[in-house]
Amino acid sequence: MATATGRTDIDARSPVPKYYQLREILLDLIERELAVDAPVPSERELAARYGLSRMTARQAVEHLVSEGRLYRVQGKGTFVSRPKIDIPLRLTSFTEDMRARGMTPGSRDLGRRLIPATAAVARELALEGGAPVYAIERLRTADGVPMALERSHIPAALAPDLMERTLEGVSLYEVLADVYGVVLDRGDQVIEAGIADSGDAGLLGLAPGSAVLLLQRRCWAGTTPAEYAVSTYRADRYQLRASLAMQ
Ligand code: 16G
């Protein structure tokens, strides 16, 4: 197995742990040769091929599983994961972002209600407590695969008959702009690690307790707060990339 660095074997004299050397060899294979969903050799095969113990081979594979580069299917083996998508750091809609990546965006309406704003939502949207807001819950998909759950709150006064409109397969931001003239032009976002509860895990196609990314977004149209959303993104499909500048 040739690698980018020309390494084909484990160097027993290297100070780099053997499992880590195998991880590098496998990473090379994943990046250069194997397609998404292709199987990687079993731990037994890897151990035999590189003269390692099964435990060392397992450690390398487990690392790559926890890094999201490989995934296991019970009774079938270990396979190459789809590369993760960078969380957009611009004010973009899910629809726009997926289209820009050449994927087909989708959404499933999980529920829409007109509710009095709770104290927390009212604070985020600078409303009076109890002011009417739409609570919109959607499962977002890319090429039919569940990616995220989005729970948005929109002040009802901004979009009077939003409840009557379908949002299935439609961009909320486009509807806000085209129908109500509410053009979002500024936002802030907090991203935290989280664990999917069994309800969210089921909707996202994850095992309960899987890692997720929790995103809280507030958006304004001019000076008017227009959306407060709490979203749950699959951590096995998304990553955060930041560019770093010298101060
Ligand atoms: C993004 C926003 C979400 C917004 C949605 C609108 C995050 C975390 N969330 O996914 O708040 O409701 O876009 O997308 O970025 P749409 O216009 O395609 O419905």
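Residues numbered from 1 in each chain as written. Predicted model: local features only at pLDDT ≥ 70, side-chain atom pairs only at ≥ 80, totals over all residues. Heavy atoms only, no water.

The chain appears in an unreviewed UniProt entry as HTH-type transcriptional repressor YvoA from Virgisporangium aliadipatigenens.

The next subject is the site of the ligand. Residues in contact with the ligand amount to 19 residues; listed here are only the nearest, Thr95, Glu150, Ser171, Arg217 and Glu227. One of the backbone nitrogen or oxygen atoms of Tyr173 is found 3.0 Å away from an oxygen atom of the ligand. Within the contact set of the ligand, an oxygen atom lies 2.6 Å away from a side-chain nitrogen or oxygen of Arg217. Alone, the ligand offers 450 Å² of accessible surface; in the complex the protein occludes 98% of this. Sorting the residues of the shell around the ligand by element identifies helix H4 (94-100), strand S5 (132-142), strand S6 (145-155), helix H6 (172-180), strand S8 (211-221) and strand S9 (224-234) as the ones contributing at least two each. No other element matches the four residues that S9 contributes to the shell around the ligand. Class assignment of the residues belonging to the shell around the ligand gives a composition of seven nonpolar, seven polar and five charged. (Near = heavy atom within 4 Å. Polar contact = N/O pair within 3.5 Å; in protein donor to acceptor, adjacent residues only side chain to side chain. Areas by Shrake-Rupley, 256 points an atom, 1.4 Å probe, with all protein chains shown as cover. Helix = DSSP H or I, 4+ residues; strand = E, 2+ residues; numbered from the N terminus. Nonpolar A, V, L, I, M, F, W, Y, C, P; charged D, E, K, R; others polar.)

It is worth spelling out the sheet that holds S6 at this point. Here six strands make up an open sheet; going across it, the order is S4-S5-S6-S9-S8-S7 and the pairing antiparallel. In this open sheet, the two edge strands, each paired with only one partner strand, are strand S4 (105-116) and strand S7 (186-195). In this sheet, neighbouring strand axes are inclined to one another by 15 degrees on average, regardless of whether the strands run parallel or antiparallel. The pairing of S5 with S6 spans ten bridges and is classified as antiparallel. By the bridge assignment, Arg140 is partnered in S6 with Ala148. H6 contacts S5, S6, S8 and S9 of the sheet and is inclined by roughly 35 degrees relative to S6. (Pairing = 2+ DSSP bridges. Axes fitted to C-alpha atoms, helices over the stretch in contact; angles between N-to-C directions. Contact = heavy atoms within 4.5 Å.)

Another point: the domain arrangement of the chain. When its domains are assigned, the chain resolves into domain 1 (18-80) and domain 2 (85-239). A C-alpha centroid distance of 36 Å is found between domain 1 and domain 2. (Domains from an automatic or database assignment.)

Attention shifts here to the side chain of Ser93. On the secondary structure map, Ser93 appears in the loop between strand S3 (85-86) and H4. Here Ser93 falls in the buried class, since its relative accessible area comes to 9%. At 3.0 Å, the side chain of Ser93 forms a polar contact with the backbone nitrogen of Glu96. (Buried < 20%, exposed > 50% of the residue type's maximum accessible area, 1.4 Å probe, protein only.)

Before going further, it helps to examine the pattern of salt bridges. What the rule picks out here adds up to 21 salt bridges. A salt bridge links Asp11 to Arg13, with the nearest nitrogen and oxygen atoms 4.0 Å apart. Residue classification places Asp11 among the partly exposed residues on the basis of a relative accessible area of 32%. Of the charged contacts in the structure, one is a salt bridge between Glu150 and Arg138, with a shortest N-O distance of 3.8 Å. (Salt bridge = Lys/Arg side-chain N within 4 Å of Asp/Glu carboxyl O.)

So, on to helix H2 (residues 43-50). Those residues of H2 that sit buried are Glu43, Leu46, Ala47 and Tyr50. Buried residues of H2, viewed axially, fall in a sector of 100 degrees; they line one side. In H2, the exposed positions that point more than 90 degrees away from the buried face belong to Arg44 and Ala48. In this structure, the buried residues of H2 make contact with helix H1 (18-32), helix H3 (54-66) and strand S1 (70-73). (Arc of directions from axis to C-beta.)

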